[in-house]
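# A look at the structure
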Amino acid sequence: MTMREGYEVGYDTAGEVEVIRSEGRPEPAPDTGAEPGLGCHSGSDLKKAAEMAGNSELLEQFAKDYPTGPHDKPQSMCPAFGSMRVGMRMKRVATVLSGSACCVYGLTFVTHFYGARRSVGYVPFNSETLVTGKLFEDIRDAVHELADPDRYDAVVVTNLCVPTASGVPLRLLPDEINGVRIVGIDVPGFGIPTHAEAKDVLAGAMLNYARQEIEAGPVQAPVGGKSDRPTVTLLGEMFPADPMMIGAMLAPLGLAAGPVVPAREWRELYAALDCGAVAAIHPFYTAAVREFEAAGRKVVGSAPVGLDGTANWLKTIGEAFNIPEAQVGAAQNAFLPAIKEALSATPIKGTVTLSGYEGSELLVARLLIESGADVPYVGSACAKSAWSAEDAAWLESKGVTVKFRASLEDDCAAVEAIKPDLAIGTTPVVQKAKEMAIPGLYFTNLISARPLMGPAGAGSLQEVVNAAIAGKANMDRMREFFEGVGEGDTAGVWEGAPNLRPDYRAQHQRKLDKQARAAKAAEMI
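Before going into details, it helps to say that this report is about the structure given with it. The structure displayed is predicted, hence computed values, not measured ones. (Residues numbered from 1 in each chain as written. Predicted model: local features only at pLDDT ≥ 70, side-chain atom pairs only at ≥ 80, totals over all residues. Heavy atoms only, no water.)

With that out of the way, let us pick up the layout of surface pockets. Roughly 960 Å³ of internal volume is contained in the largest pocket. For the largest pocket, the lining is made up of 29 residues, of which L58, R171, G184, I185 and A205 are closest to its centre. Every element with two or more residues in the lining of the largest pocket is listed here: helix 1 (43-65), strand 7 (180-186), helix 7 (195-216) and helix 10 (286-294). Element by element, the count of residues in the lining of the largest pocket is highest for helix 1, at seven residues. For the lining of the largest pocket, the residue count by class is 15 nonpolar, seven polar and seven charged. Taken as a whole, the second largest pocket encloses approximately 560 Å³ of empty space. Around the second largest pocket sit 30 residues that line it, and P222, E268, Y270, A271 and D274 are the ones nearest its centre. Looking at the lining of the second largest pocket, the elements that each hand over two or more residues are helix 7, strand 9 (256-261) and helix 9 (266-273). By residue number, the principal contributor to the lining of the second largest pocket is helix 9, which donates five residues. (1 Å grid on protein atoms, 1.4 Å probe; cavity = no way out; pocket = protein on both sides within 12 Å on 5 of 7 lines; lining within 4 Å. Points joined across faces, edges and corners; volume = space filled by probe spheres on them. Helix = DSSP H or I, 4+ residues; strand = E, 2+ residues; numbered from the N terminus. Nonpolar A, V, L, I, M, F, W, Y, C, P; charged D, E, K, R; others polar.)

Let us look at a nonpolar patch on the surface. There is a patch of nonpolar side chains on the surface, built from Y105, F109, F113 and Y114 and spanning about 510 Å² of accessible area. Summarising the element assignment, Y105 is placed in helix 3 (residues 101-113). (Patch = residues over 30% accessible without salt bridge, like charges linked within 9 Å, V, L, I, M, F, W, Y side chains within 5 Å. Areas by Shrake-Rupley, 256 points an atom, 1.4 Å probe, with all protein chains shown as cover. Salt bridge = Lys/Arg side-chain N within 4 Å of Asp/Glu carboxyl O.)

Summarising the element assignment, G191 is placed in the loop between strand 7 and helix 7. The class of G191 is buried, set by a relative accessible area of 12%. With 125 residues separating them in the primary sequence, G191 and Y66 have C-alpha atoms 8.1 Å apart. (Buried < 20%, exposed > 50% of the residue type's maximum accessible area, 1.4 Å probe, protein only.)

Here we take up the sheet that holds strand 4 (residues 121-122). A sheet is described by the order of its strands in space; here five strands give the open sequence 4-3-5-7-6, paired in mixed fashion. Of all strands in the sheet, those with a lone pairing partner are strand 4 and strand 6 (176-177), marking the two edges. Both strand 6 and strand 7 contribute to a ladder of two bridges, which runs antiparallel. Looking across to strand 7, one finds that E176 is bridged to R181. (Pairing = 2+ DSSP bridges.)

Let's shift gears to the packing of aromatic side chains. By convention here, two paired aromatic rings are described through the distance between centres and the angle between planes. Under the counting rule described, the total for this entry stands at six aromatic pairs. Seen in terms of ring centroids, Y105 and F109 are 6.5 Å apart; in terms of plane orientation they differ by 25°. Their pairing is stacked. One end of the pair is Y105 and the other is F109, both in helix 3 and four residues apart, which spans about a single turn. Judged by relative accessible area, which is 60%, Y105 ranks as exposed. Arranged with centres 4.6 Å apart and planes meeting at 25°, the rings of F284 and Y285 form a pair that is stacked. For Y285, a relative accessible area of 0% gives the class buried. One aromatic cluster is present, formed by Y105, F109 and F113 through successive ring pairs. Against the face of Y504 rests R501, its NZ or CZ located 4.1 Å from the ring centre. (Phe/Tyr/Trp six-rings, centres within 6.5 Å; stacked < 30°, edge-to-face > 60°. Lys NZ or Arg CZ within 6 Å of the ring centre and 35° of its normal.)

Spelled out as structure tokens, the structure:
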């Protein structure tokens with residue numbers, strides 16, 4: 001270790017090596033693997049680049065499957081987290097990312113934060129390898145190196161924003177290497193609005209691959225063997241107890257619950273396609289539904305949630321399988337009394353606003369209303385679909401305003417206008433509510449992580465919701481305690497008035513206005 005002038009500590013002499021620089025050229029900025037000024041929220045620029053790179057057909061399909069709303073870019077975490085979650089939860093499936101280093105770091109961090117216990121592959125790149133096509137060669141080499149049939153059934157390669165915008169052609173990768181399936185997908189933030197819908201991108205791609213394998217010849221049977229009864233495949237991630245509860249409700253109909261898609265193992269995809277009907281519990285799986293319909297399977301919307309929901313769902317399932325009405329009625333009579341009793345045991349008394357990006361918001365709202373809550377507003381970041389139509393109609397008949405592709409601004413405006421006893425939503429919505437001394441619950445961790453189906457789900461929300469509403473006095477005390485500390489950029493304890501520098505704000509606003517005028521002029525050309 002050496003001590004150099006200026007008290008800088010060095011551990012070798014690398015810092016003393018002479019660097020030869022050309023004259024007249026600025027020193028290049030560090031290469032992040034992205035075009036200057038472009039990122040997750042540069043949607044229009046990246047989209048144009050992707051179209052010019054030959055990905056217009058891909059983007060057109062995304063636009064059909066996941067139509068955008070008032071916002072055309074993610075307002076939550078990177079959408080690729082959703083597809084990563086699907087792949088990382090599957091046995092014997094490797095995940096490889098191609099994207100900017102900062103994006104890969106963030107995605108890897110959040111994936112492991114949510115419990116992933118395996119490595120994430122990463123193929124780095126720079127401007128040269130991106131432009132010359134060397135990146136694709138590097139991806140191909142990485143896939144060949146990973147494709148070990150003793151370790152993996154499949155390798156999933158995901159293009160993030162920059163490789164998609166640059167047209168890196170994952171479709172040219174081999175379909176399989178050494179018996180290991182290769183699945184390449186593009187999950188750009190400028191094409192996939194939410195991480196929930198990114199789950200559908202990978203689930204649909206895997207179902208497409210599995211369907212082609214079935215059409216080509218015999219495939220592996222499920223680990224537990226084939227069911228002796230017709231099955232109903234369950235579409236959408238759900239609480240572990242829910243598939244078992246659904247199975248119990250299907251038994252009187254002579255049916256069984258099939259696999260849950262997204263699956264946990266590749267061979268489950270074969271069993272999922274080998275079903276009598278598909279229950280679209282979560283309604284945003286457009287690509288997955290397309291594969292089931294291509295296999296000739298009927299898809300049923302909504303879910304067995306609450307009293308009305310369970311009765312209607314069992315009736316619809318019975319019609320899909322041509323089951324006699326008397327048998328359907330017997331199944332309803334076996335479960336509806338228990339659901340009714342659970343709903344009335346500890347009713348919810350209060351007004352609740354509900355929003356989220358998981359896709360199950362409408363189902364939760366139905367359960368809250370039948371539990372006694374007044375729910376004037378439901379916002380979902382997902383798009384409206386045929387599979388959510390029944391739930392939306394039921395809610396609207398109860399006087400609920402249902403907002404699909406709801407923006408964060410929509411959800412916060414609802415909280416401000418309604419001033420509910422409880423706000424259920426995403427982190428910034430809950431933050432907004434608590435700033436107003438309104439109790440809030442985070443949808444993903446505290447609501448969707450509970451059983452919702454049948455008798456088990458009927459009473460699952462009441463305790464946590466009632467406890468949160470009862471905490472209003474605590475919120476008032478906290479607001480009183482922090483009164484006067486400021487908010488936004490004036491938050492904190494100041495000895496004097498904070499230096500706001502309105503001149504800097506005005507200068508920055510002029511830059512934004514200039515950029516907006518330039519963008520509008522470019523659209524007219």
